[in-house]
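# What the coordinates show
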Amino acid sequence: LRLETELGLQQVRLGQMAEQVTLHREDARRVQDYLVAERNRIEYDYWALQGSFGVDLMRRYWRFLAMLAPDGSRRRMLYRMGHRVLRRALSLISLPLGPSAMGRRPQESGGPLQTGGGLTGPGRQTGSLDARFDLARFYSDRHSTYPAVARAVIFSATQLIESEGQRPTNLALELAKLGIPVVFCYWRWDRSPWTVQERLAEGILQFPMDLAVQVPGDLFPSAAGPSIVLLEFPHPDLFRVEATAHASGWVTIYEAIDDWEGFHRVGQAGWYDRAFEGHLAATSDLVCAVNNRLAERMVALGAREVEVVPNGVPSGIAKVTTERLMQRGDVTVGYFGHLSSSWFDWPLIRRAANARPKWRWYIIGYGADQDLTAVPENVAVLGKVPQRDLASYAANWDVGVVPFRTGRVASSADAIKIYEYMAMGLPAVAVGAPLPSMPDGLALQARNTEEFINRIEAAAATKESLRDARIAFGVSASWEKRCHHVLGKVESMGQRVGEKLCVFPTAT
Amino acid sequence: VKTLFVYKYLDLGGVETVLASRLAGLPSLGVDAEAWFLRDGPGRDLFGASASRVHIGGVQDLQRHLEMVRPAVVCTIDTEEAFPALGDATKDRATVVEVHTPYRENRVYLGALGRAGVKAFLTPTQYQATLVARETGNLAPTYAIPNPLDRSFLGELIPFRSKPPRPVVAWVGRLDRLKNWNEYLRVAKVAMRGAGEVEFWLVGKTNEEGGELRLMREAKRQGVLGHLRWYRGVPHDRMHGLFDGVRESGGLVISTSMEESFGLGIAEAMARGCAVVVPRHSAFPEFVEDLRHGRLYRPGSAGDAAACVVSLLRDHSLREACGLCGRKDILARHAPEVSVPLLAERLRQLAPFA
């Protein structure tokens, strides 16, 4: 009896330890996500700096000086002397003269939203054989437990960072949960970051995209069932990838998740090519769009049929993990998401906050490119918060807002945060971004500052009365359901999937 | 008759497929055939039950194998690298040179075969036979032996459950200058105006630096990128399904090649019941008859080719009749049961002390 009691106690202790390990692992992943995002931000800033006019001017200056005063020359000696004198006199810090100061040209950098980014530019790493070996081993070791799809490859403009809540990330996680081995081809800013393969146990291999486009044949081996490749952005370097997938009998899925041409017109996504997006729209086996507006755009580009698969909500996002007390206002308004000024309408927030000084505003997010101290006193900018903690912040809010700049880019977006606000039972008010298809009154739309304020007041009044309806809508929009929606189209051989599987019968 | 076929690559290409059909069919006809490849590759699976008759090794290994096995006939297929292993002509072995390549630069070696003791040249068509006779100065007799088609192209034509949404005009080949893919895109541009809703399938790969970028640029320049589906490197054992898709779409297969020793891709398309459009030159007129199997167009004229494409796409009954007739005629000449015995007979005649 004593031994049994001891055994029971030991089991309880082991259970507690296992829980602790799980918690520690989650914490570690959170920290890792944060660090990866931080690294990406720094690299983005670095490349932005490299491409700036000032740095370019300095680079030219040093190049000119190196020509004028080469190593070992008398001029060089004079330069050094003059430099020392000037440094002492002006306490200026200068850069060394020489080739190391020349740096790399900005066009050698890449990035989904940077101008002129190429996946296989001259300065980019060609990758290592180890990565290909890892890929081959992943394919040989992993077998799908989902009967209808053997393998999945996702080409994403972002990295697999769960806390950023991007669509490709969520689809990858959901596909992996279903037992489908996923190769997640991610954008990397430079050769150095090699993502830690912390998702292998879940069935996700993360593979750098610049290497993937060079070895597309390795990505699409034949499998004992239909396999899918999701192209989440229309980079022209994916031409070869898509063609190889076609030749291997893989089902190609193009997902229109943003108006990339809109980005291109405002000086971002310099790689964008309308003709290539038209090519993807017209020749992919399955074309999906996140909303009707992008679906219409795909039809205009040549798609015969488009499946609207909106964005979704990750499971557990509405769960309040820790109670968090925050200062409340007459109305407490919150936002979480990207803070780039190409999306986020900072002037609107300033005007509304100034107009309602007794309201309290909380802004959570990343990617800000503005001085965050220059906001009214009743606005608190909290920075980046782990996704699982968002609900505990939002529990203090009356309304969630989507204050996007009015324009082509935002008007084609399907703001993920609206679904997330709904899942948390929060009323939502959106400016710039269209509302998803949803029951009336759950979320409201505004066109200017005055309407924005009025709609927030109106929405706050429905917080309790429509709470259950909002949560029900949020539940219906889970990423799990979105994933099944896409897979359903594959299984039912929708659009051109049936044709592909007839042409390549060995893939079925 | 102990025969050894020698080829450079063990890939998934047309020659390997032809060799696989030969190794499968020749033993039952009294020819003890084996194949030797100088470089290994992914093509071993093509040989199925005949895989034990496939050898891989360098020139020295080949020499040792020849000394050990002593075949009566050695057939090199576009593989000049093998000649050092063959040595001087011997009385108990016949050296036969098969010339399949349409690339002029790959046939340069033929002019230097004077002392190699070649007993005969084999080609897949009469056109190629004439060409080889001219280039070798009638060094040895040249015989045209039809290529056997792979068995995957012989199966029944089964209707698709899901057809391509538009008629498909397909092009198959290597993306290089000789195969003239640029002209295909020009034809596509003109044909699109006349045929309306149509899709273009380009099936092939390029080994040229920047070739893919050039393809995209040219497709964009011709305004056909949005109608072009590119299949980059379809394994040969899946090609029959692709041709089935073309046929089921109500489409056709076109060649814009500047020269062909045979035109295996077109013959395989015909075997799957596809109507074809080919230029009236080189080996094509030997097996494609105008208005019986498809259309023959004026070489170098994208406009004429496009007009032929449009006329066939519009005339459903003609296209279907061409497809069926093409299948019947091509199988009558290129089914392994027909062409392999012809080769066996020729090998018996060429063997020493025949």
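About the criteria used
- Residues numbered from 1 in each chain as written.
- Chains lettered and ligands numbered in written order.
- Predicted model: local features only at pLDDT ≥ 70, side-chain atom pairs only at ≥ 80, totals over all residues.
- Heavy atoms only, no water.
- Helix = DSSP H or I, 4+ residues; strand = E, 2+ residues; numbered from the N terminus.
- Expected span 1.5 Å × (residues − 1).
- Buried < 20%, exposed > 50% of the residue type's maximum accessible area, 1.4 Å probe, protein only.
- Arc of directions from axis to C-beta.
- Pairing = 2+ DSSP bridges.
- Contact = heavy atoms within 4.5 Å.
- Buried area = accessible area lost by both parts, 1.4 Å probe.
- Salt bridge = Lys/Arg side-chain N within 4 Å of Asp/Glu carboxyl O.
- Polar contact = N/O pair within 3.5 Å; in protein donor to acceptor, adjacent residues only side chain to side chain.
- Core = buried A, V, L, I, M, F, W, Y, C linked by side-chain atoms within 4.5 Å.
- Disulfide = S-S within 2.5 Å.
- Phe/Tyr/Trp six-rings, centres within 6.5 Å; stacked < 30°, edge-to-face > 60°.
- Axes fitted to C-alpha atoms, helices over the stretch in contact; angles between N-to-C directions.

### Focus on helix H12 (residues 336-350) of chain B
All names here are of chain B. With 15 residues, H12 extends 20 Å between its outermost C-alpha atoms, agreeing within 8% with the 21 Å of an ideal straight helix rising 1.5 Å per residue. Of the positions making up H12, those classed as buried are Pro336, Ser339, Val340, Leu343, Ala344, Leu347 and Leu350. In a view along the axis of H12, the buried residues occupy a sector of 140°, so they form one face of it.

### Overview of the pairing of strand S12 (residues 428-431) of chain A
Residue and element names in this part refer to chain A. Across the two faces of S12 the burial is the same, with Ala428 and Ala430 and Val429 and Val431 all buried. Strand direction decides the pairing type here: strand S11 (residues 399-403) and S12, joined by four bridges, are parallel. Across the sheet, glycine 400 pairs through a bridge with alanine 428, a residue of S12. Sheet topology note: the S12/strand S13 (residues 443-446) ladder contains four bridges and is parallel. Of the residues in S13, the one forming a bridge with alanine 430 is glutamine 445.

### A look at the interface of chain A and chain B
Across the contact, 32 residues belong to chain A and 28 residues belong to chain B. Ranking the residues of chain A by area buried against chain B places Phe239(A), Arg304(A) and Val503(A) at the top, with a combined share of 22%. There are six salt bridges connecting chain A and chain B. A salt bridge links Asp273(A) to Lys220(B), with the shortest nitrogen-to-oxygen separation between them at 2.8 Å. Put simply, chain A and chain B have 11 residue pairs in polar contact (both at pLDDT 80 or more) between them. At the level of secondary structure, the elements contributing two or more residues to the side of chain A that touches chain B comprise helix H8 (238-247), helix H10 (274-283) and helix H19 (497-503) of chain A.

### Side note on the nonpolar core
Here is a general trend for soluble globular proteins: nonpolar side chains tend to be buried in one another's company. Phe155(A) and Phe452(A) are the most contacted members of the largest nonpolar core, which totals 141 residues. Considering each element in turn, this core owes the most residues, eight residues, to helix H10 (residues 302-314) of chain B. Phe153(B), Tyr231(B), Met239(B) and Ile330(B) belong to the second largest nonpolar core, which has 35 residues in total.

### A look at the pattern of salt bridges
All names here are of chain A. Within this structure, the stated rule accounts for 47 salt bridges over all chains. Between arginine 265 and glutamate 261 there is a salt bridge whose closest N-O contact spans 3.7 Å. A residue pair is termed a helical-turn pair when its members lie 3 or 4 positions apart in one helix, as arginine 265 and glutamate 261 do in helix H9 (residues 260-265) at four residues. Since its relative accessible area comes to 60%, arginine 265 is described here as exposed. In this structure, the salt-bridge partner of arginine 297 is glutamate 277, at a minimum N-O distance of 2.7 Å. On the criterion of sequence distance, the pair formed by arginine 297 in helix H11 (residues 292-301) and glutamate 277 in helix H10 is long-range, its members being 20 residues apart.

### Considering the side chain of Ser21(B)
As for its placement among the helices and strands, Ser21(B) is situated in helix H1 (residues 14-25). For Ser21(B), a relative accessible area of 8% corresponds to the buried category.

### Let's talk about the state of the cysteines
Under the criterion given, the structure shown has zero disulfides over all chains. Take Cys185(A): it sits in no disulfide, and the sulfur closest to it among the cysteines is that of Cys483(A), at 17 Å. Residue Cys185(A) is classed as buried on the basis of its relative accessible area, which comes to 0%. Between Cys502(A), a cysteine without a disulfide, and Cys274(B), which holds the nearest cysteine sulfur, the sulfur-to-sulfur distance is 15 Å.

### Some words on the packing of aromatic side chains
Residues and elements named next belong to chain A. Following the criterion strictly, the structure yields 31 aromatic pairs over all chains and no others. For the pair phenylalanine 233 and tryptophan 260, a centre-to-centre distance of 6.1 Å together with 50° between the ring planes defines the contact as tilted. Of this pair, phenylalanine 233 sits in the loop between strand S4 (228-231) and H8 while tryptophan 260 sits in helix H9, and the two are 27 residues apart along the sequence. On the basis of relative accessible area, phenylalanine 233 is assigned to the buried category, the value being 0%. Each member of the aromatic cluster is reached from another via a ring pair, and the members are Trp187, Phe233, Trp260, Phe263, Trp271, Tyr272, Trp343 and Phe404.

### Quick word on the sheet that holds strand S9 (residues 199-203) of chain B
Residues and elements named next belong to chain B. Strands sit in the order S10-S9-S8-S11-S12-S13 across an open sheet of six strands; the sheet is parallel. The sheet is open, and its two borders are formed by strand S10 (228-231) and strand S13 (294-297), each paired with just one other strand. This sheet shows a mean twist of 20° between the axes of neighbouring strands, independent of strand direction. With three bridges joining them, strand S8 (residues 168-172) and strand S11 (residues 252-254) adopt parallel strand pairing. For tryptophan 171, the partnering residue across the bridge sits in S11 and is isoleucine 254.

### As for the environment of Tyr139(A)
Residues and elements named next belong to chain A. Looking at the secondary structure, you find tyrosine 139 in helix H4 (residues 129-141). On the basis of relative accessible area, tyrosine 139 is assigned to the buried category, the value being 4%. Taking C-alpha positions, tyrosine 139 is 45 Å from valine 431, a pair spaced 292 residues apart along the chain. Residues in contact with tyrosine 139, not counting those within four places in the same chain, are Arg151, Val153, Val183, Asp218, Leu219, Pro221 and Trp250.

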